[in-house]
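One-letter residues, chain by chain:
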Amino acid sequence: VIILIVLLVLGLAALMIIPFQVTGGILNAKLSYDAIDAADYGLEATDVSLVTDDGLTLAAYLVEAETPKGAIVLISGLDNPPVRDFYSYAKMFQDAGFSTLLVEMRSHGDSEGFGISMGMNEWLDVKAGAEYLEGLEDYKDLPIIAYGTSMGAGTVIIAGAQVDAIDAVISASAFTNWGDLASFNMLAMGLSEGYVAIQKPFMDLSMGLKFGLGKMKYTPINQIKKLDKPILLMHSKGDTQVPYECFEALNRAAFRDENADVSNVYIYTLAGDNHFVCQEEYLENPTEDIGFSGAVLSFLTQFGE
């Protein structure tokens, strides 16, 4: 019995330690990027300094429309590209009459912080951006939409459910939670389904132990059930970074409440492995991707005249 107990304890310890070892190189990071000039996209951008509720200073860049109908808070993903790579999106939004605040999330670029929490803390970065815009005279009565890609796509779902200043969400290739995403990658590495199934709950628990057990509720799959605002969910069916199954699970969760407003959920999917949803050859000029830009700009038409 003693031997069995010892083996059990050692086994549980191994299951707890492995997630920290596997994810440490990914999440224990401070990412730096080369500077990108808005002028290269024919834009003028104002440098903005944001302060989050937990005291971090973030770098952000405001591209304004001449007579804005609303504003977009835009964030990127886990590592690449930097948010300023999306100046091309800001140009598309500007042409449609929307200003864009591009926010470099904590632990990215010139923003403070160390460590990536897959949205558990980063939703506060979106909150800081939305509340900054809400505090500006030109935007206080205008709609604010949060746009995110990949990790950012999950983060804006969390923020949309938590932040009153956000009026709508655009989510491109969102994950459901860290355990699902880590499991997908472990299977892609060739690990057995049985081992991955055993390890999965410890992946989620490791995030709680790392960033706070009380923050484990801040996952896209949990928070989308609470989201009562318009959301555009986008995903490519062959995505090799965040599986399409995540989109399907999020879509189901959005309708799980029998009182959910079905008209608030908008969908755009496409074939192939297009993690940004906008096809790669059009990233520098997203308006040329008729399907992607049509879905996004059509969604925005409900905000402002």
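Whatever comes next refers back to the structure up there.
Residues numbered from 1 in each chain as written. Predicted model: local features only at pLDDT ≥ 70, side-chain atom pairs only at ≥ 80, totals over all residues. Heavy atoms only, no water.

## Topic: the environment of Val 196
Moving on, step 1. Following the sequence through the fold, Val 196 ends up in helix α6 (residues 193–211).
Moving on, step 2. Assessed through its relative accessible area of 4%, Val 196 is described here as buried.
Moving on, step 3. Each C-alpha atom of the pair Val 196 and Ser 183 lies 6.0 Å from the other, and the pair is 13 residues apart in sequence.
Moving on, step 4. Excluding anything up to four places from it in sequence, Val 196 contacts Ser 183, Met 186, Leu 187 and Leu 191. (Helix = DSSP H or I, 4+ residues; strand = E, 2+ residues; numbered from the N terminus. Buried < 20%, exposed > 50% of the residue type's maximum accessible area, 1.4 Å probe, protein only. Contact = heavy atoms within 4.5 Å.)

## Topic: the sheet that holds strand β7 (residues 231–236)
Moving on, step 1. Here we have 8 strands laid out as an open sheet, ordered β1-β2-β4-β3-β5-β6-β7-β8, and mixed in their pairing. Edge positions in the sheet fall to β1 (46–51) and β8 (265–270), since each has one partner strand and no second. Each neighbouring strand pair of the sheet contributes to a mean axis angle of 20 degrees, computed without reference to strand direction.
Moving on, step 2. Bridging between strand β5 (residues 144–149) and strand β6 (residues 168–172) involves 5 bridges; their strand directions are parallel. (Pairing = 2+ DSSP bridges. Axes fitted to C-alpha atoms, helices over the stretch in contact; angles between N-to-C directions.)

## As for the side chain of His 235
Moving on, step 1. With respect to the element layout, His 235 can be found in strand β7.
Moving on, step 2. The exposure class assigned to His 235 is buried, which follows from its relative accessible area of 1%.
Moving on, step 3. With sequence-adjacent residues up to four places away left out, His 235 is seen in contact with Ser 173, Ala 174, Val 242, Pro 243, Tyr 244, Phe 247, Tyr 268, Thr 269, Leu 270 and Val 277.

## Details of the pattern of salt bridges
Moving on, step 1. Summed over the entire model, instances satisfying the criterion amount to 6 salt bridges.
Moving on, step 2. The partner of Asp 54 in a salt bridge is Arg 106, with the nearest N and O atoms 2.7 Å apart. Of this pair, Asp 54 sits in the loop between β1 and β2 (57–63) while Arg 106 sits in the loop between β4 (98–103) and α3 (123–134), and the two are 52 residues apart along the sequence.
Moving on, step 3. According to the relative accessible area criterion, Arg 106 is buried, its value standing at 5%.
Moving on, step 4. In this structure, the salt-bridge partner of Lys 140 is Glu 137, at a minimum N-O distance of 3.2 Å.
Moving on, step 5. Under the relative-accessibility criterion, Glu 137 is labelled exposed at 58%. (Salt bridge = Lys/Arg side-chain N within 4 Å of Asp/Glu carboxyl O.)

## Details of the side chain of His 108
Moving on, step 1. With respect to the helices and strands, His 108 occurs in the loop between β4 and α3.
Moving on, step 2. Here His 108 falls in the buried class, since its relative accessible area comes to 2%.
Moving on, step 3. Once you skip the residues sitting within four places of it in the chain, His 108 turns out to touch Lys 30, Leu 31, Tyr 33, Gly 77, Leu 78, Asp 79 and Ile 116.

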